[in-house]
Amino acid sequence: MTLRSLVTVLSLLALSAWAQTAATPPSKGFVDAMRGPVPIDQPTKPPVLANNVNDDQRVPRNYEWQPPVIPHRVDGYQIDKNFNKCLDCHARAKTDFSHAIPVSETHYMDRSGKKLDHLSTRRYFCMQCHVPQEPARPLVGNTFEGFDALMKKGAQTPANKK
Ligand code: HEC
Ligand code: HEC
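Residues numbered from 1 in each chain as written. Chains lettered and ligands numbered in written order. Predicted model: local features only at pLDDT ≥ 70, side-chain atom pairs only at ≥ 80, totals over all residues. Heavy atoms only, no water.

The name given to the protein in an unreviewed UniProt entry is Periplasmic nitrate reductase, electron transfer subunit, with Ramlibacter tataouinensis as the source organism. The annotation that UniProt attaches to the protein under Subcellular location (unreviewed entry) is "Periplasm". (UniProt positions renumbered as here; feature names shortened; annotations may be inferred.)

Put into C-alpha cells, the structure is as follows:
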C-alpha cells in the first residue's frame with residue numbers, strides 16, 4: 001500500500017466515524033417542540049381529536065384573498081354530485097332564510113372572470129379552501145402578523161405622518 005492510499009483510507013475511516021456521531025441524536029436535554037422528549041426512533045402518542053370550534057364568531061382574515069375559516073362544525077355535511085349541504089345555507093338565494101354569509105360573487109365566476117348564473121364548478125367543493133378549526137394549542141411559536149396589524153403599524157411610522 002502506498003502512503004497516499006493509506007492516507008485516503010485513514011481519512012475515510014475518520015469521516016465515517018464523524019458521520020455516525022453526527023447522525024445520532026443527543027440523548028439528554030434534546031426536546032423537540034412537536035415530539036416532546038420522546039426519542040426519534042419511538043412513535044409519539046398523537047393527541048385526541050377534539051370537536052371543531054363551533055362558537056359562530058367569524059375569524060378575521062390575515063391577508064387579502066384568504067378564504068375565511070369556518071366558525072361552525074361541519075361534521076357529516078353531505079357534499080357530492082346530488083347535494084351540497086353548505087349551499088343549503090350559503091347560496092345567495094338561501095341566505096335571507098339561513099342568515100349565513102352569502103358566498104361572494106367570485107364563487108359565481110369561471111376562470112376567465114365571466115359571471116355565471118350558477119356556482120362555478122371550481123368552487124363546488126367548499127372544503128378545498130375553507131376549513132373548520134381545532135381548538136388546539138399551537139405546537140410551535142409563530143410571530144406572523146396579519147394584514148390589519150401591519151397596516152396599523154405602517155400608519156404609525158413617522159414617514160406616513162407628514
Ligand atoms: C345551517 C346553515 C349552515 C350550513 C349548512 C353551513 N353554514 Fe357556514 N355559516 C353559517 C352561518 C349562520 C355563518 C355565520 C357565522 C355563524 O353564525 O356561524 C356561517 C359562517 C361560515 C363561514 C365564515 C365566513 C366569514 O366570512 O367569516 C364559512 C367560511 C362557512 N360558513 C363555510 C361553510 C361550509 C364550507 C359549509 C359546508 C361544509 C357550511 N358553511 C355549512 C351557516 C351554515
Ligand atoms: C378555490 C377556493 C374556494 C372554494 C372551493 C370555495 N371558496 Fe369560498 N372563498 C374563497 C376565497 C378566496 C374567499 C375570499 C375572497 C372572495 O370573496 O373571493 C371566499 C369567501 C367565502 C365567503 C365569505 C364571503 C364574504 O362576502 O365575506 C363564504 C361565506 C364562502 N367563501 C363560502 C364558500 C362555500 C359555501 C363554498 C362551497 C360551495 C366555497 N366558499 C368554495 C375560496 C373558495
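Having put the structure on the table, let's press on.
Undergrad: Any chance you could explain the site of ligand 2 here in plain terms?
TA: Of all residues adjacent to ligand 2, which total 24 residues, the nearest are Ser104, His107, Cys126, Cys129 and His130. In this structure, an oxygen atom belonging to ligand 2 sits 2.4 Å away from a side-chain N or O atom of Ser104. Its residues assigned to classes, the shell around ligand 2 comprises 13 nonpolar, seven polar and four charged. (Near = heavy atom within 4 Å. Polar contact = N/O pair within 3.5 Å; in protein donor to acceptor, adjacent residues only side chain to side chain. Nonpolar A, V, L, I, M, F, W, Y, C, P; charged D, E, K, R; others polar.)

Undergrad: How should the coordination of the iron atom of ligand 1 be read in this particular structure?
TA: His72 (NE2) and His90 (NE2) make up the full set of protein donors to the iron atom of ligand 1, lying at 2.0 Å. In this structure, the iron atom of ligand 1 is coordinated by six donor atoms arranged in octahedral fashion, with angles at the metal of 87 to 179°. Here His90 lies in helix 2 (residues 85–90) and His72 lies in the loop between helix 1 (3–23) and helix 2, a separation of 18 residues in the sequence. On the basis of relative accessibility, which here comes to 23%, the residue His72 falls in the partly exposed class. (Donors = N, O, S within 2.8 Å, 3.2 Å for Na, K, Ca; no water. Tetrahedral: all angles 85-135°; square planar, octahedral: opposite > 155°, others 65-115°. Helix = DSSP H or I, 4+ residues; strand = E, 2+ residues; numbered from the N terminus. Buried < 20%, exposed > 50% of the residue type's maximum accessible area, 1.4 Å probe, protein only.)

Undergrad: Looking at this model, I keep getting lost on the packing of aromatic side chains. Mind explaining?
TA: Geometry of an aromatic ring pair is reported as the spacing of the ring centres plus the angle between the planes. A complete count under the given rule lists one aromatic pair for this structure. A centroid spacing of 5.1 Å and a plane angle of 85° characterise the contact between Tyr124 and Phe125, whose relative ring orientation is edge-to-face. (Phe/Tyr/Trp six-rings, centres within 6.5 Å; stacked < 30°, edge-to-face > 60°.)

Undergrad: Where do I start with the pattern of salt bridges in this structure?
TA: Two side chains carrying opposite charge are able to pair once their charged atoms lie near each other. All told, the structure shown has four salt bridges when counted by the stated rule. Across the pair Asp75 and Arg73 runs a salt bridge whose closest N-O atoms are separated by 2.6 Å. Asp75 sits in the partly exposed class, given a relative accessible area of 46%. Given a relative accessible area of 30%, Arg73 falls into the partly exposed group. Put simply, Glu145 and Lys153 hold a salt bridge, and the shortest N to O gap is 2.9 Å. On the basis of relative accessible area, Glu145 is assigned to the partly exposed category, the value being 32%. On the accessibility criterion, Lys153 (45% relative accessible area) is partly exposed. Connected via shared salt-bridge partners are Lys85, Asp88 and Lys94. (Salt bridge = Lys/Arg side-chain N within 4 Å of Asp/Glu carboxyl O.)

Undergrad: What should I look at first to understand the coordination of the iron atom of ligand 2 in this one?
TA: Ideal donor angles around a metal are set by the shape: a four-donor tetrahedron calls for 109.5 degrees, a six-donor octahedron for 90 or 180 degrees. Taken together, the protein donors to the iron atom of ligand 2 comprise His107 (NE2) and His130 (NE2), at separations of 2.0 Å. One can describe the donor arrangement at the iron atom of ligand 2 as octahedral, given that its six donor atoms subtend angles of 87 to 178° at the metal. Of this pair, His107 sits in the loop between helix 3 (95–98) and helix 4 (147–156) while His130 sits in the loop between helix 3 and helix 4, placing them 23 residues apart in sequence. Across the pair, exposure class does not vary: His107 and His130 are buried alike.

Undergrad: Honestly, the site of ligand 1 in this entry has me stumped. Any pointers?
TA: As a structural note, the neighbourhood of ligand 1 is formed by 20 residues, with Asp56, His72, Cys86, Cys89 and His90 the closest of them. Side-chain polar atom of Arg58 to an oxygen atom of ligand 1: 2.7 Å apart, as the coordinates give it. Of the residues belonging to the shell around ligand 1, the class tally is twelve nonpolar, four polar and four charged.

Undergrad: Quick question: what am I supposed to make of the side chain of Thr106 here?
TA: Inspection of the secondary structure puts Thr106 in the loop between helix 3 and helix 4. Within polar-contact distance, the side chain of Thr106 engages the side chain of His107 at 3.1 Å. Not counting residues within four places of it along the chain, the set of residues in contact with Thr106 comprises Trp65 and Arg123. (Contact = heavy atoms within 4.5 Å.)

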